[in-house]
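Each chain, letter by letter, is given below.
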Amino acid sequence: MKIAVIGAKGMLGRELCRVLGSRHQILAWDIEEIDITDRPGTLEILSAEQPELIVNSAVFVDLEGCETNPDKAWQINAVGAQNLALAAQQARSALVYVSTDYIFDGKSETDYDEVSQPNPLNQYGRSKLAGERLSLQICPRTYAVRTAWLFGHTPNNYVERVLKAADTEGVVRMPVDQLESPTYTGHLSEAILRLIDTGAYGIYNVTGLGACTRAGFAQYVLQQADRSEPVEIVEAVALKRFAKRPVRSVLDCRLYQLVAGHTLPDWQQGIRDYLANASRLGN
Ligand SMILES: NC(=O)c1ccc[n+]([C@@H]2O[C@H](COP(=O)([O-])OP(=O)(O)OC[C@H]3O[C@@H](n4cnc5c(N)ncnc54)[C@H](OP(=O)(O)O)[C@@H]3O)[C@@H](O)[C@H]2O)c1
């Protein structure tokens, strides 16, 4: 299949190109090749190439940046998604829209499934929910893949931030204010590879199994990297973040498991696989 991966230089986009490229022909496009906020340009490029599938992994993901510049958040995350969905319809392509656990408010004590009511707390989540809805409304052949807390082979990902803090400060300071499911981009990309074979379009939760806090994640990274630096719990207010975050945004991945016949490994396995692949794939 000919697949256009949009946002191909991003943390997830790179891994998608590698994993989907094992079985499919990939057009790896980022902002230099296609600006998804430019509707005529986006329609023209995709109509000329006629991919069978478009994967929208382009995003403005900076949470604080989305609060200070909501126009930019909505332009890329909602209007950009709309333009790609229009292009998919015009080119008769299927679409993958990568969505997020931040569409939920985190107030539920149970895991969120695909029919749980979204209620985003910040502009990032609101603009992503708009992008998800526009994708599904415009292009019925859409897989909307909701995932969470990604780490993959790009500099400054969460694993590398933990190791860098250990190196430079001798201690890793992390909060415990959020419970989420860290997801290795290699595992998510494998899941998307399976999903696009099904033809079963719709919304799917796809994350690493289990959940942890930032401090719990750091602890496990240090342990697996044979490091002895301590993890110190820091109050969330000390981080001076102003975008609200969901306290508990754990997603129930049962639907994906039933439809794809596959279960993602847990987040600890994600960290082990990341560390095992880091020397080969870089970070
Ligand atoms: N990161 C997470 O923890 C997380 C969690 C849940 C869901 N997700 C979702 O996963 C997907 C991938 O996220 P990511 O972390 O891989 O993001 P990322 O590393 O920031 O990658 C996004 C890519 O999109 C590019 N881009 C930005 N504006 C564009 C435009 N107008 N046209 C074309 N390309 C554009 C970016 O280029 P520049 O760098 O030059 O801006 C970047 O290369 C997103 O849908 C995100 O919402 C991420």
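Residues numbered from 1 in each chain as written. Predicted model: local features only at pLDDT ≥ 70, side-chain atom pairs only at ≥ 80, totals over all residues. Heavy atoms only, no water.

S.K.: I'd like a description of the overall build of the chain, backed by residues and values.
M.R.: When helices and strands are counted, the chain shows 10 helices and 10 strands. Over its C-alpha trace the chain gives a radius of gyration of 18 Å, about what one expects of a compact globule, namely 19 Å for 283 residues. Referenced to the eigenvectors of the C-alpha coordinate spread, the extents of the chain come out at roughly 55 × 40 × 35 Å. Taken across its 283 residues, the chain has 54% of its residues classed as buried. For the chain, the accessible surface area stands at approximately 12,300 Å², while carbon and sulfur atoms represent 48% of it. Placing the 28 positive and 34 negative side-chain charges of the chain at their respective mean positions leaves the two points 2 Å apart. (Helix = DSSP H or I, 4+ residues; strand = E, 2+ residues; numbered from the N terminus. Rg over C-alpha atoms; globule rule 2.2 N^0.38 Å. Buried < 20%, exposed > 50% of the residue type's maximum accessible area, 1.4 Å probe, protein only. Areas by Shrake-Rupley, 256 points an atom, 1.4 Å probe, with all protein chains shown as cover. Lys, Arg positive; Asp, Glu negative; His and termini not counted. Charge placed at Lys NZ, Arg CZ, Asp CG, Glu CD.)

S.K.: Explain the pattern of salt bridges residue by residue, including any values.
M.R.: As a working rule, side chains carrying opposite charge can pair if their charged atoms are close by. Evaluated as defined, the whole model comprises 14 salt bridges. Note that D197 is salt-bridged to R23, the shortest N-O span being 2.7 Å. With a gap of 174 residues between them, D197 in the loop between helix 7 (185–195) and strand 9 (202–205) and R23 in the loop between helix 1 (11–20) and strand 2 (25–29) connect regions that are remote in the sequence. You can call D197 partly exposed: its relative accessible area is 49%. Residue R214 pairs with E180 through a salt bridge whose shortest N-O separation is 2.6 Å. Separated by 34 residues along the polypeptide, R214 in helix 8 (residues 214–224) and E180 in the loop between strand 7 (172–174) and strand 8 (183–184) bring together distant segments of the chain. Where salt bridges share partners, they join D167, R227 and E229 into one cluster. (Salt bridge = Lys/Arg side-chain N within 4 Å of Asp/Glu carboxyl O.)

S.K.: Break down the sheet that holds strand 3 (residues 53–56) for me, citing the residues and quoting the values.
M.R.: Taken in spatial order, the six strands make up an open sheet running 2-1-3-4-5-9, and their pairing is parallel. At either end of the open sheet lies a strand with only one pairing partner, and these are strand 2 and strand 9. Going across the sheet, the axis of each strand differs from the next one's by a mean of 20°, ignoring polarity. Inspection of the sheet shows strand 1 (residues 2–6) paired to strand 2 by five bridges, in the parallel sense. Bridge pairing links A4 to L27 in strand 2. (Pairing = 2+ DSSP bridges. Axes fitted to C-alpha atoms, helices over the stretch in contact; angles between N-to-C directions.)

S.K.: Give a detailed account of the packing of aromatic side chains, specifying residues and quantitative values.
M.R.: Taken as a whole, this structure holds 12 aromatic pairs when the rule is applied. Relative to F217, the ring of Y158 lies with its centre 5.9 Å away and its plane at 80°, an arrangement referred to as edge-to-face. Placement of Y158 in helix 6 (residues 158–169) and of F217 in helix 8 is noted, with a sequence separation of 59 residues between them. Using a relative accessible area of 12% as the deciding quantity, one classes Y158 as buried. With a relative accessible area of 0%, F217 lands in the buried category. For the pair Y220 and W267, a centre-to-centre distance of 5.6 Å together with 75° between the ring planes defines the contact as edge-to-face. A residue pair is termed long-range when its members are at least 10 positions apart, and Y220 in helix 8 and W267 in helix 10 (residues 267–281) qualify at 47 residues. An aromatic cluster is present here, built from W149, F151, Y158, Y184, F217, Y220, W267 and Y274 joined pairwise through their rings. For the cation-ring pair, K72 lies above F60, with the distance from its terminal atom to the ring centre recorded as 4.2 Å. Directly above the aromatic system of W149 lies the positively charged group of R214, at a separation of 3.8 Å from the ring centroid. (Phe/Tyr/Trp six-rings, centres within 6.5 Å; stacked < 30°, edge-to-face > 60°. Lys NZ or Arg CZ within 6 Å of the ring centre and 35° of its normal.)

S.K.: Tell me what's going on with helix 6, and back it up with residues and numbers.
M.R.: Here helix 6 contains 12 residues, and its C-alpha end-to-end distance of 16 Å stays within 8% of the 16 Å for a straight helix at 1.5 Å per residue. Taken together, the buried positions of helix 6 are Y158, V159, E160, V162, L163, A165 and A166. On its buried face, helix 6 sits against strand 6 (150–151), strand 7, helix 8 and helix 10. Put simply, N157 is the residue that caps the front of helix 6, since its side-chain oxygen is 2.8 Å from the backbone nitrogen of V159. Immediately beyond the C-terminal end of helix 6, within one or two residues, lies G170, with a positive phi of roughly 75°. (Expected span 1.5 Å × (residues − 1). Contact = heavy atoms within 4.5 Å. Polar contact = N/O pair within 3.5 Å; in protein donor to acceptor, adjacent residues only side chain to side chain.)

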